[in-house]
Amino acid sequence: MNEIFDDSTLTEIAHLICGDEAPLLYRKGYEIAAFFQRAGWDDVPEYDGTPRHKWTLDLLRVRQEDGTDDAKRAVLRLANRLEYYNQQQEYHATLKRLNEILVLDGRRIGEEGGQPVLTRCEVGFGDEVRQQLPRVELKVSVTEVVSDPDLAATVQLRLDEARTCYEHGAYTSAVIMLGSLLEGVLAHAAQVRAAGVRMPKPLRKMGLNDFVDFAYENKWIEHDAKLASELVRHYRNLVHPLAEKRTGHSPNRDTLDMCWPVVNATLNDLAATAAAPPIPPTPRAPAERGRGRNPHASAQRPTPASVARRRSGGGTTAGT
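For every chain, the first residue of the written sequence is number 1, and numbering continues from 1 along that sequence. Thresholds applied to this predicted model are a pLDDT of at least 70 for local features of residues and 80 or more for the giving and counting of side-chain atom pairs; totals over whole chains, interfaces and linings are not thresholded and use all residues. Excluded from the side-chain calculations are hydrogens and water; all other atoms, namely the structure's heavy atoms, are used.

**Notes on the pattern of salt bridges**
Next up, step 1: Salt bridge, as used here: a side-chain nitrogen of Lys or Arg that lies within 4 Å of a carboxyl oxygen of Asp or Glu. Counted according to the given criterion, the structure contains 15 salt bridges.
Next up, step 2: Residues R38 and E83 are paired through a salt bridge, measuring 2.5 Å at the closest nitrogen-oxygen approach. Of this pair, R38 sits in helix α2 (residues 29-38) while E83 sits in the loop between α4 (70-78) and α5 (88-102), and the two are 45 residues apart along the sequence.
Next up, step 3: Burial classification: accessible surface area is computed with a 1.4 Å probe over protein chains only, and a residue below 20% of its type maximum counts as buried, one above 50% as exposed, and the rest as partly exposed. For E83, a relative accessible area of 7% translates into the label buried.
Next up, step 4: Salt bridges linked by common partners bring D7, K54, D58 and R61 together as one network. Helix numbers and strand numbers start at the N terminus; a helix is a DSSP run of H or I with at least 4 residues, a strand a run of E with at least 2.

Dropping the structure here:
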């Protein structure tokens, strides 16, 4: 059976293939095409000058829609030491980031006979991140995030109900409530804030994943909150019993201990950027900027683990 990846997972895989941030391995457009060939793809098109991430993501989406296992082949090539001759720092950084992405989609990189393989695992975070996430506390009030008083009251009620569900062991109800709350505050931000990036579709047709991406592109939330929000979205979808049956896992206390800090971090970010001016549209970059690493990509994006490192100290705790 072909491996099917969530679109947000494909988006992050495309970032790893492009390698725009140190210490990842940077690849020019024609080098990305060569990467896909080394991954075992047939009929790889020549790079056409489209922005590298868009070109890479479009190829991954098309191959997955065609029912091939090419996305899986690309993932395994990213985890293959042969791709990083004499570049151990880049290899270890890529493998670490790759597993942080895959675990949110219920997978991880294993090894058989010295070769990388894709294995199934419980959706969540690794032990190190699992221990750090509960330290993220809500440091703002709901009214600092939601300007509409009626909506703020509704959001606060859902936050209180999620806490009540948590305290009484109703973990599925609690995580569904948190997902609903998260979508509500992000939808409100999309509706009332001035945005430098255009909305991808009409507001009424956007879902949680769309709102998370839109907030990140407008720099209202940080990358760690964007990536970790995928975990909340996954468990929020268990509102459908058949989805829970397919997953084979019901939320428990550990699930809430992972999901709640994601909501806290997102609310903290939204409050911190509430008065920020919209970011200007990003100009279309040339297809190739010469040799070497992209000069504008020196900063490393945060990972889910940095959610806990970024927030510390006291404040009003929204759960545990």
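Read on for the rest.
**Focus on the pairing of strand β1 (residues 107-112)**
Next up, step 1: Relative to strand β2 (residues 115-120), β1 runs antiparallel, the two being bridged by six bridges. Note that in β2 the partner of E111 across the bridge is P116.
Next up, step 2: Between β1 and β2, which pair antiparallel one after the other, the connecting turn spans two residues, and G113 there sits at a positive phi close to 60°. Two strands pair if DSSP finds at least two bridges between them.

**Describing unusual backbone geometry**
Next up, step 1: That bond from A22 to P23 is cis: its omega, 5°, falls within 30 degrees of zero.
Next up, step 2: Relative to the assigned elements, P23 resides in the loop between α1 (7-18) and α2.
Next up, step 3: In this structure, D43 takes a positive phi of about 55° despite not being glycine.
Next up, step 4: Tracing the chain through its elements places D43 in the loop between α2 and α3 (52-65).
Next up, step 5: A residue is classified by how much of its surface remains accessible, and D43, at 72% relative accessible area, is exposed.
Next up, step 6: With a phi close to 65°, K219 is a non-glycine residue in the positive phi region.
Next up, step 7: For K219, the position within the fold is in the loop between α9 (208-217) and α10 (223-236).
Next up, step 8: You can call K219 exposed: its relative accessible area is 55%.

**Describing the packing of aromatic side chains**
Next up, step 1: In summary, the pairing rule links any two rings of Phe, Tyr or Trp, Trp by its six-membered ring, whose centres are within 6.5 Å, and it sorts them by plane angle into stacked for under 30 degrees, edge-to-face for over 60 and tilted for everything else. Across all of its chains, the model carries seven aromatic pairs by this definition.
Next up, step 2: Relative to W55, the ring of Y47 has its centre 5.2 Å away and its plane inclined at 85°; by these criteria the two rings are edge-to-face.
Next up, step 3: Taking the relative accessible area as the measure of exposure, W55 reaches 6% and is therefore buried.
Next up, step 4: Put simply, the rings of F35, F36 and W41 touch in pairs and so form one group of aromatic residues.
Next up, step 5: Its guanidinium or amino end placed over the ring of Y216, K226 lies 5.6 Å from that ring's centre, counting from NZ or CZ. Working rule: Lys NZ or Arg CZ, within 6 Å of ring centre, within 35 degrees of ring normal, means a charge sits over the ring.

**A look at the side chain of R63**
Next up, step 1: Mapped onto the fold, R63 is located in helix α3.
Next up, step 2: Residues adjacent in sequence count toward polar contacts only when both atoms are side-chain atoms; beyond that, a polar contact is any pair of N or O atoms within 3.5 Å, and within protein one must be able to donate a hydrogen and the other to accept it. Within the structure, the side chain of R63 is placed 3.1 Å from the backbone oxygen of D42, a separation counted as a polar contact.
Next up, step 3: Two residues form a contact once any of their heavy atoms are found within 4.5 Å. If we skip the residues at most four places from it in the chain, R63 touches W41, D42, D43, V44, P45, T68 and D70.

**Re the environment of A190**
Next up, step 1: Within the secondary structure, A190 is located in helix α8 (residues 171-192).
Next up, step 2: For A190, a relative accessible area of 6% translates into the label buried.

**Description of helix α7 (residues 149-167)**
Residues lying three or four places apart along an α-helix face the same way, a consequence of the helix completing one turn every 3.6 residues.
Next up, step 1: Its 19 residues place the ends of α7 27 Å apart at the C-alpha level, agreeing with the 27 Å of an ideal helix rising 1.5 Å per residue.
Next up, step 2: Within α7 the residues assigned to the buried category are A152, V155, L159, A162, C165 and Y166. Along the axis of α7, the buried residues cluster in a sector spanning 145°; they form a single face. Residues of α7 that are exposed and point over 90 degrees away from its buried face: P149, D150 and E167.
Next up, step 3: Structurally, the start of α7 carries an N-cap: the backbone nitrogen of D150 is 2.9 Å from a side-chain oxygen of D148. The span one expects for a helix is its residue count, reduced by one, times 1.5 Å. The reported arc concerns the directions from the helix axis to the C-beta atoms and nothing else.

Such coordinate-based values are descriptive only and should not be taken to indicate function.
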